[in-house]
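# Coordinate inspection notes
Take a look at the letters that make up each chain.
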Amino acid sequence: MIHRGETFLASITIERVDRAWSAGRVVLKGKEVPKIGDQASNNFLPVPGKTGGVAQLPAPPVRKVQTITGDEVAIEGIDPASVKKGAVLVLSRDWKYVSAVEVVDVIGATAKTRVLPRLRAQPIETGDLAVPVTSTRELWRVLPDSIRKDILSDRSLREAHLKLFFLRAKGGGR
């Protein structure tokens, strides 16, 4: 959200990010035009029907790793209405990616999960935060470069093996 004081000016979607700057496009306009020096924040929502009013975002529920046993992880603080079997959660520590887990079972406010193979970047620790991921695109965005490159190189290798197989089947191989 772009605001000047408590006046809502616009809502933007970030398209490019660099160390010192970011660029985006306006997806919702306010009654005034944004100017140089206006503030950007993700901690406010525009209040419909009011000029100048803003409301704080509700605090998200805290989901934390409770216990770890091998590749099985128990996460407490789950809302059973929104987190179902098969859902994917990303674990983070100090705003850095740790691992991705899949929900196997939900019992009350605790979810039993298993670590997704090849998507663990660091050892999982008790107290790591769990954030739900709703799409493959969202998961891909948060994966560290090392895991992305590993997945892409494995995919390229499988495609090369498949092409070689077809070439040999047609008699074009050695």
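Residues numbered from 1 in each chain as written. Predicted model: local features only at pLDDT ≥ 70, side-chain atom pairs only at ≥ 80, totals over all residues. Heavy atoms only, no water.

## A closer look at the pairing of strand β2 (residues 7–17)
Which entries qualify depends on this criterion: Two strands form a pair only when DSSP identifies at least two bridges running between them. Here a strand is any run of E in DSSP of at least two residues, a helix any run of H or I of at least four, and the numbering for each starts at the N terminus.
Both strand β1 (residues 2–4) and β2 contribute to a ladder of three bridges, which runs antiparallel. In the strand pairing of β2, R4 is matched with T7. Hairpin geometry of β1 and β2 is characterised by an intervening segment of two residues between the two adjacent antiparallel strands and by a positive phi of about 65° at G5. The hairpin turn running from β2 into strand β3 (residues 22–29), its antiparallel successor, is four residues long.

## Some points on the nonpolar core
Just so we agree on the cut-off: Only buried Ala, Val, Leu, Ile, Met, Phe, Trp, Tyr and Cys residues count toward a nonpolar core, and they belong to the same one when joined by side-chain atoms within 4.5 Å. Per-residue accessibility, obtained with a 1.4 Å probe over protein chains only, is compared with the maximum for each type, and a residue is labelled buried under 20%, exposed over 50%, and partly exposed between these values. By definition in these notes, contact holds between two residues if any of their heavy atoms fall within 4.5 Å.
Ranked by size, the top nonpolar core spans 14 residues in total, and within it I75, L89, L91 and I124 carry the most contacts. Elements supplying a minimum of two residues to this core: β8 (72–76), β9 (88–93), β10 (96–107) and β11 (110–115). Dropping the residues within four chain positions of it, I75 is found in contact with R63, K64, V65, Q66, L89, L91, V101, A109, T110, A111, T113 and A130. The next biggest cluster of nonpolar side chains, apart from the first, holds nine residues, and it includes A100, L116, L119 and I147.

## Some words on the environment of A100
On the secondary structure map, A100 appears in strand β10. On the basis of relative accessibility, which here comes to 0%, the residue A100 falls in the buried class. Separated by 32 residues in sequence, A100 and P132 place their C-alpha atoms 9.6 Å apart. Aside from chain neighbours lying at most four places away, what touches A100 is L89, V90, R114, V115, L116, L119 and L139.

## Some details on the side chain of R63
Heads up, the condition is: Under this rule, positive means Lys or Arg and negative means Asp or Glu; His and the chain ends count for nothing. Put simply, a salt bridge is a Lys or Arg side-chain nitrogen that is within 4 Å of an Asp or Glu carboxyl oxygen.
Within the secondary structure, R63 is located in the loop between β6 (54–56) and β7 (64–69). Look at R63: it is buried, it has no salt bridge, and the nearest opposite charge is D79 at 7.3 Å. The residues touching R63, leaving out its near neighbours within four places in the chain, are I75, E76, G77, I78, D128, L129, A130, V131 and P132.

## Quick word on unusual backbone geometry
Residue W95 is not a glycine yet carries a positive backbone phi of 65°. You can see W95 is positioned in the loop between β9 and β10. We classify W95 as exposed; its relative accessible area is 84%.

## Some points on the pattern of salt bridges
Tallying each qualifying case throughout the model produces nine salt bridges. A salt bridge links R93 to D128; the shortest N-O distance between them is 2.8 Å. With a gap of 35 residues between them, R93 in strand β9 and D128 in the loop between β11 and β12 (129–133) connect regions that are remote in the sequence. For R118, the salt bridge identified is with D150, shortest N-O distance 3.4 Å. Note that R118 is positioned in the loop between β11 and β12 and D150 in helix α2 (residues 145–169), a separation of 32 residues in sequence. What makes R118 partly exposed here is its relative accessible area of 42%. A relative accessible area of 38% means that D150 is categorised as partly exposed.

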